[in-house]
Amino acid sequence: VEGVARLYGLDVTLRKVEGNPVRAAVEEASKHQLVVAARRRSQPDTYFRPDVGLRIALQSPCSTILFSFG
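Model, not experiment: these values are computed from the prediction.

The next thing to look at is the nonpolar core. In terms of nonpolar packing, the biggest core is built from 6 residues, these being V22, V26, A29, V35, I56 and C62. Looking at this core, the element that brings in the most residues is helix α2 (residues 21-29), giving 3 residues. Setting aside anything within four residues of it in sequence, one finds I56 in contact with P21, V22, A25, V26 and V35.

As structure tokens, then:
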């Protein structure tokens, strides 16, 4: 994300938060207009192995870009 932002001359602030990753990201997202998240393409979304990136995108109160990789 930082590399792509630099290509376009944009400033990006990365933050690390602790706790439940979905809850913490959604709480942080409420203060912003855009969330950029990543998910592993092969990651199933099950009760015991949730796809965190997908859950963030679904629960985010603002626009979300979800990158799939691998």
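All right, on to the pattern of salt bridges then. Within the structure shown, the criterion is met by 3 salt bridges. Its salt-bridge partner being R39, residue D51 comes within 2.7 Å of it at the nearest N-O pair. Taken together, the residues D51 in the loop between β1 (34-40) and α3 (52-59) and R39 in strand β1 connect sequence positions 12 residues apart. R39 carries the same exposure label as D51, and that label is buried.

Turning to its location among the elements, S30 is positioned in the loop between α2 and β1. For S30, a relative accessible area of 52% translates into the label exposed. For the pair S30 and V17, spaced 13 residues apart in sequence, the C-alpha to C-alpha distance is 14 Å. A distance of 2.6 Å separates a polar atom in the side chain of S30 from the backbone oxygen of E27.

On to the packing of α2 against α3, then. Between α2 and α3, the shortest axis-to-axis distance is 9 Å and the interhelical angle comes to 35°. Classified by chirality, the crossing of α3 by α2 is right-handed. Within the contact between the two elements, α2 uses P21, V22, A25 and V26 and α3 uses V52, R55, I56 and Q59. Across the contact of α2 with α3, the residue classes tally to 6 nonpolar, 1 polar and 1 charged.

The rules behind each value
- Residues numbered from 1 in each chain as written.
- Predicted model: local features only at pLDDT ≥ 70, side-chain atom pairs only at ≥ 80, totals over all residues.
- Heavy atoms only, no water.
- Core = buried A, V, L, I, M, F, W, Y, C linked by side-chain atoms within 4.5 Å.
- Buried < 20%, exposed > 50% of the residue type's maximum accessible area, 1.4 Å probe, protein only.
- Helix = DSSP H or I, 4+ residues; strand = E, 2+ residues; numbered from the N terminus.
- Contact = heavy atoms within 4.5 Å.
- Salt bridge = Lys/Arg side-chain N within 4 Å of Asp/Glu carboxyl O.
- Polar contact = N/O pair within 3.5 Å; in protein donor to acceptor, adjacent residues only side chain to side chain.
- Axes fitted to C-alpha atoms, helices over the stretch in contact; angles between N-to-C directions.
- Left-handed = near helix turned anticlockwise from the far one by under 90°.
- Nonpolar A, V, L, I, M, F, W, Y, C, P; charged D, E, K, R; others polar.

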